[in-house]
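A closer look at the structure
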Amino acid sequence: LILSIEEKSWKHKNGTAMTSTEKQRAFYRTLCKGAFDKGRLRLSILTLNNEPIAFEMGLLKDNKYYSVHGSYDEKFKKENPGAMLLAKFIEDLIRDGIKEFDFFGEPFEWERNWTDQFRWHASLAIYNNTLKAKLLFWYHAARKKLKHGEQDRLVLRNPRDIRPEPGR
């Protein structure tokens with residue numbers, strides 16, 4: 001059901017839908033299966049005359065909901081099904097004792113309709129030991145340096161060299 005919504009969304013045309021590439025489909029398939037198996041997947045689908053038109057999907061941990069992906073069928077854009085579903089979804093989370101809602105990714109303008117509180121997350125990029133990955137790392141490092149100067153440097157780390165701190 002959610003894949004049919006994704007294929008009719010603006011995200012599909014922009015390449016950010018779960019259905020845009022086979023790698024993205026596989027990623028979300030694995031994520032959802034693992035979360036479902038652990039009892040952490042939360043999914044809500046809005047239908048109109050038995051036709052799925054919007055969904056919200058994320059992960060639960062403790063008293064916190066982490067939004068992973070949501071979308072709507074573009075032909076219903078004027079009716080704002082994504083916002084309608086999210087309002088009901090948040091009501092249900094509150095009813096179920098969830099204390100925090102964490103939006104996915106960077107803060108987008110539309111999220112300001114829901115909250116004025118933002119919390120920044122750290123991102124971690126992992127590159128494997130191939131020539132293509134090394135070139136990509138240096139490209140990202142150069143872009144970041146041009147954009148932010150020296151304050152925000154990417155650091156190349158070999159995961160095999162990382163050792164846990166004592167007592168952790």
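Position of Met84 relative to the elements: it lies in helix H4 (residues 81-95). With sequence-adjacent residues up to four places away left out, Met84 is seen in contact with Leu46 and Glu79.

Here we come to the sheet that holds strand E3 (residues 64-72). Sheet strands pair via backbone hydrogen bonds, and the direction of the pair is either parallel or antiparallel. Within the open sheet, the four strands sit side by side as E1-E2-E3-E4. Their pairing is mixed. Each of the sheet's edge strands pairs with one partner strand only, and the pair in question is strand E1 (41-48) and strand E4 (100-102). Strand-to-strand, the axes of this sheet are offset by a mean angle of 25 degrees, without reference to chain direction. With three bridges connecting them, E3 and E4 associate as parallel partners. Counterpart to Tyr66 in the pairing with E4 is Asp102. Packed onto the sheet, helix H3 (residues 22-37) meets E1, strand E2 (51-61) and E3 and runs at close to 60 degrees relative to E2. In the packing of H4 onto the sheet, the strands contacted are E1, E2, E3 and E4, and the crossing angle to E1 comes to about 135 degrees.

With that settled, the discussion passes to the pattern of salt bridges. If you walk through the whole model with that rule in mind, you get 11 salt bridges. As a salt-bridge pair, Glu51 and Lys75 come within 3.6 Å of each other at their nearest N and O atoms. Remark: Lys75 occurs in the loop between E3 and H4 and Glu51 occurs in strand E2; sequence separation between them is 24 residues. In this structure Glu51 comes out as partly exposed when scored by relative accessible area, which is 24%. Here Lys75 falls in the exposed class, since its relative accessible area comes to 57%.

If you look at the biggest cluster of nonpolar residues, it comprises eight residues: Ile2, Ile5, Met18, Tyr28, Cys32, Phe55, Met57 and Val68. Look past the residues within four positions of Tyr28 in its chain and what remains in contact with it is Met18, Met57, Val68 and His69. In this structure, Tyr65, Leu93, Ile98 and Phe103 belong to the second largest nonpolar core, which totals seven residues.

A few words on the pairing of E3. Buried residues dominate E3, accounting for eight of its nine residues. In terms of strand pairing, E2 meets E3 through eight bridges, oriented antiparallel. Counterpart to Phe55 in the pairing with E3 is Ser71. Count of turn residues in the E2/E3 antiparallel hairpin: two residues, of which Asp62 carries a positive phi of about 55 degrees. Crossover connection from E3 via H4 to parallel E4: handedness right-handed.

Thresholds, definitions, all that
Residues numbered from 1 in each chain as written. Predicted model: local features only at pLDDT ≥ 70, side-chain atom pairs only at ≥ 80, totals over all residues. Heavy atoms only, no water. Helix = DSSP H or I, 4+ residues; strand = E, 2+ residues; numbered from the N terminus. Contact = heavy atoms within 4.5 Å. Pairing = 2+ DSSP bridges. Axes fitted to C-alpha atoms, helices over the stretch in contact; angles between N-to-C directions. Salt bridge = Lys/Arg side-chain N within 4 Å of Asp/Glu carboxyl O. Buried < 20%, exposed > 50% of the residue type's maximum accessible area, 1.4 Å probe, protein only. Core = buried A, V, L, I, M, F, W, Y, C linked by side-chain atoms within 4.5 Å. Right-handed = clockwise from strand over helix to strand, strands pointing away.

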